[in-house]
Structures are given as C-alpha cells and as structure tokens.
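Structural description and commentary
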Amino acid sequence: MRILAWNSWNRFRCKIEEKLIRETADAIVSTGLAKLGYEYLNLDDCWAERDRDSRGNLVPNATTFPSGMKALADYVHSKALKFGIYSDAGTKTCSKSMPGSLGYEEQDAKAFASWGVDFLKYDNCNNNQTSPKGRYPQMSKALLISGRSIFLSICEWGREDPATWAGSLGNSWRTTGDIKDTWESMTSLADKNDLWASYAGPGGWNDPDMLEVGNGGMTTEEYRSHFSIWALAKAPLLIGCDVRTLDNVTIELLSNKEVIAVNQDELGVQGKKVVKKDGDLEVWAGPLSNNKTAVVLWNRGPSKAMVTAYWSDIGLGWETVVTARDLWEHSTQSSVRGQLSAILESHACKMYVLTPH
C-alpha cells in the first residue's frame, strides 16, 4: 500500500541525533499515529560522517549517532515501526555533509540491509550532470540483492519525468521539487504531481514531496487542503513536523481515519483535478474500490465561494443516487442526486466519499 511515515527533513534539516529519533519513535506510538498506519520512521540527510572509513563504508556520525544505525533500527523495530534512511545517487548528499552512494551502491545497500533498514530515500544532488536514468538502476539492483526488502523512494525531483520510467526501479518517485511550508509551494506541487496521475498504481506511486502539516507556515484550512489532496492523489503521506509536540489541531488533521482510508484504498487509482472554474474553484476526484468515488471541492481563491461537483465531471451517470460522507465533518447526506455543492471559505476544501445506492 501507500507509505505512511515520518521524515526528519522538513522540521529538523541537519539537526538530527539519535535521542530525537528515539523520542520520535516513542511519540508515533503514544499519539496513536502508529495504530493508524504510520509505520516508517525515516532519517533524511546528515546522519553520517563526512568521509567513508578505510574500507569505503558509510559511517554514522560519532557525535550525533554514537550507538550506530543497527542499534537505532533495533529500537525503532522494538516499537513495531520500520526504519528508513537516506542517501544520494551522486558523489555527495544535498547538504554536502555526507558521501553519496554513486559507485558504492552494492556496498551501501548491503550495509543498509545489515543495519535493518526498511526504506531508502535516494536523492539526486552532486550527480556530475548525468542523467538519473543511468544512476538509479544501480541502487535498485543493489537493494534487490542486499538480502532485505527495502522500499526505494526515488528522489530525482521530477527532472526527467520519472513517472514514465521509475516504476521498474522503485516504489515511489518524486514528481516535483522540494516543498516549502507555504500555500504557493503546496498548490504548485499538487498541480505538477497531477500531470502524472495516470502513471501511478499499486506498486509504484507519484510523490509530490512530504507533508508540511503542523510546521506553522499555513493556516488550518490550508493544511486540511494539503492533507486532503495528498490523500486523494494516493501520495506517500510523510509527516514532516515534530510529533513530540503535536497540538490538537495537527493531531486531528493527521489522524483522520476516513481520509487516510481514501489514501490507502486498495484500488490504488490516483485521484485528479477534474474541474477548474474561474481560475480558483476546483473539483478533484477519483474512483475507489466497491464502486465508490472520492471527491474534493476546493476553493483556491481569495474569497468565500460555492464549489459544485456535477456527476458528469466525476464519472457518475446523471441518474445515480449516492450517500455523501463528509470526511472532515464526519457527517452523511443521503439520497444526493446529480451534483454536490459546498460554500467554502478562501483556501478551504470539503472531502467526500460518495457511495451509490
């Protein structure tokens, strides 16, 4: 299924150390996020020493990760979570603080497997200006022979349309550049990711980058839209805030079981933008299993407006009668025909699952 996870980068950048990671593992469990399916805890850049050892091995930073990666992975696994790590398909990582894996793919994959790694985010910096199509297959092959099942998250930022070729190499691929904690960045990435909707499906997913929910740069309504569109698009849901200090609003957003269920739906069809009116009023929709349909009404404009999804826009016959479940209000309208409308504040959305009678 789609990945539900936490990643260190959006909130902590290079300020990571093993105490933070252990506390985060504890918090994923204590907040109930683990029970909802958030199972991967992923380190991003800056966990290693600047140089390999005399045998060419990556070495965890002795100051910030003195116990080593095997011990940290063991701790994460003891919480019934999975452990993710980061490397780069270039000579150095994006922060330039760590060696990349270019030319060391097999050696590094074996090290990751021996530590108990379950997930690899594989970045694209310092790549000698060569095509990712020539570099990513090496790590893909190395992971397959590493002796451990490791999810490969390809992070070449959508540079060479990875949706068209990365499915044979990895489990997800970034379709966009890096997200920022702003409305403009989030909406731009949603649109870029939407272009590749037809390429996603079980086993391989478009990835518009991690969630900024809870980091403070957007309003609650903007974060609700962010989470709703990512869920509808079947994107990996990678929490990017400090889960040790979640407020009630953030927990409510990240813990919405009904929205997560849309993301995890077994049919695995990426929902997409089906209507754009007046430049700002949008309808996004996609099919779910059991003949259901997920719909997001989204007001991207500066003022309150009504947004309407007509059945013809979302693939339903005009005569179809549905029960409409509002996933954020947790309320139900029965016997809805022909269309579904909502008056929405600026930057707000409504998300529904429609079940035909």
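As the structure is a computational prediction, the values presented were derived from the model and not from experiment.

Section: the overall build of the chain
Secondary structure assignment for the chain yields nine helices and 16 strands. Against the 2.2 N^0.38 benchmark of 21 Å for 357 residues, the chain shows a C-alpha radius of gyration of 21 Å, consistent with a compact globule. By its C-alpha atoms, the chain is 70 × 40 × 35 Å across when sized along the principal axes. Every one of the 357 residues in the chain was classed for burial, and the buried ones make up 59%.

Notes on the nonpolar core
W47, F112, F227 and W230 are the most contacted members of the largest nonpolar core, which totals 84 residues. Examining the composition of this core, we find that six residues originate from one element, helix α7 (residues 220-232), more than from any other. Membership of the second largest hydrophobic core comes to 21 residues, among which are L281, V283, W311 and Y352.

Notes on unusual backbone geometry
Of all residues except glycine, most have a negative phi; of all peptide bonds, most are trans. Its identity as a non-glycine residue notwithstanding, R13 has a phi of 50°, on the positive side. Note on R13: relative accessible area 41%, which makes it partly exposed. Non-glycine residue D161 carries a positive phi angle of around 50°. Residue D161 is classed as partly exposed on the basis of its relative accessible area of 35%.

Considerations on the packing of helix α6 (residues 183-194) against α7
For the pair α6 and α7, the least separation of the axes is 11 Å and the interaxial angle reads 15°. It follows from the interaxial angle that α6 and α7 lie roughly parallel. You can see that α6 and α7 cross each other, and the crossing is left-handed. Residues W183, M186, L189 and A190 of α6 touch α7, and the partners they reach there are E222, H226, I229 and W230. Residues belonging to the contact of α6 with α7 are distributed by class as follows: six nonpolar, one polar and one charged.

As for the UniProt feature "domain: Alpha galactosidase C-terminal" (unreviewed entry) in the chain
Under the local residue numbering, the UniProt record ascribes the feature "domain: Alpha galactosidase C-terminal" (unreviewed entry) to residues 278-354. Across residues 278-354, the secondary structure splits into 0% helix and 58% strand, with the terminal C-alpha atoms separated by 25 Å.

Observations regarding the sheet that holds strand β1 (residues 4-7)
One open sheet accounts for eight strands, arranged β7-β6-β5-β4-β3-β2-β1-β8; its pairing is parallel. Since the sheet does not close on itself, it has two edges, and those belong to β7 (205-207) and β8 (237-239), each with one partner. The average undirected angle you get between the axes of adjacent strands in this sheet is 25°.

What to know about the sheet that holds strand β10 (residues 281-287)
Pairing is antiparallel in the open sheet, where six strands are placed in the order β9-β10-β11-β16-β13-β14. With one partner strand each, in any of the chains shown, β9 (272-277) and β14 (331-337) form the two edges of the open sheet. The sheet shows a mean angle of 25° between the axes of neighbouring strands, direction not considered. Across five bridges, the pairing between β9 and β10 is antiparallel. Bridging from a neighbouring strand, K276 pairs with E282 of β10.

How each quantity is defined
Residues numbered from 1 in each chain as written. Predicted model: local features only at pLDDT ≥ 70, side-chain atom pairs only at ≥ 80, totals over all residues. Heavy atoms only, no water. Helix = DSSP H or I, 4+ residues; strand = E, 2+ residues; numbered from the N terminus. Rg over C-alpha atoms; globule rule 2.2 N^0.38 Å. Buried < 20%, exposed > 50% of the residue type's maximum accessible area, 1.4 Å probe, protein only. Core = buried A, V, L, I, M, F, W, Y, C linked by side-chain atoms within 4.5 Å. Axes fitted to C-alpha atoms, helices over the stretch in contact; angles between N-to-C directions. Parallel < 35°, antiparallel > 145°, perpendicular 65-115°, else oblique. Left-handed = near helix turned anticlockwise from the far one by under 90°. Contact = heavy atoms within 4.5 Å. Nonpolar A, V, L, I, M, F, W, Y, C, P; charged D, E, K, R; others polar. UniProt positions renumbered as here; feature names shortened; annotations may be inferred. Pairing = 2+ DSSP bridges.

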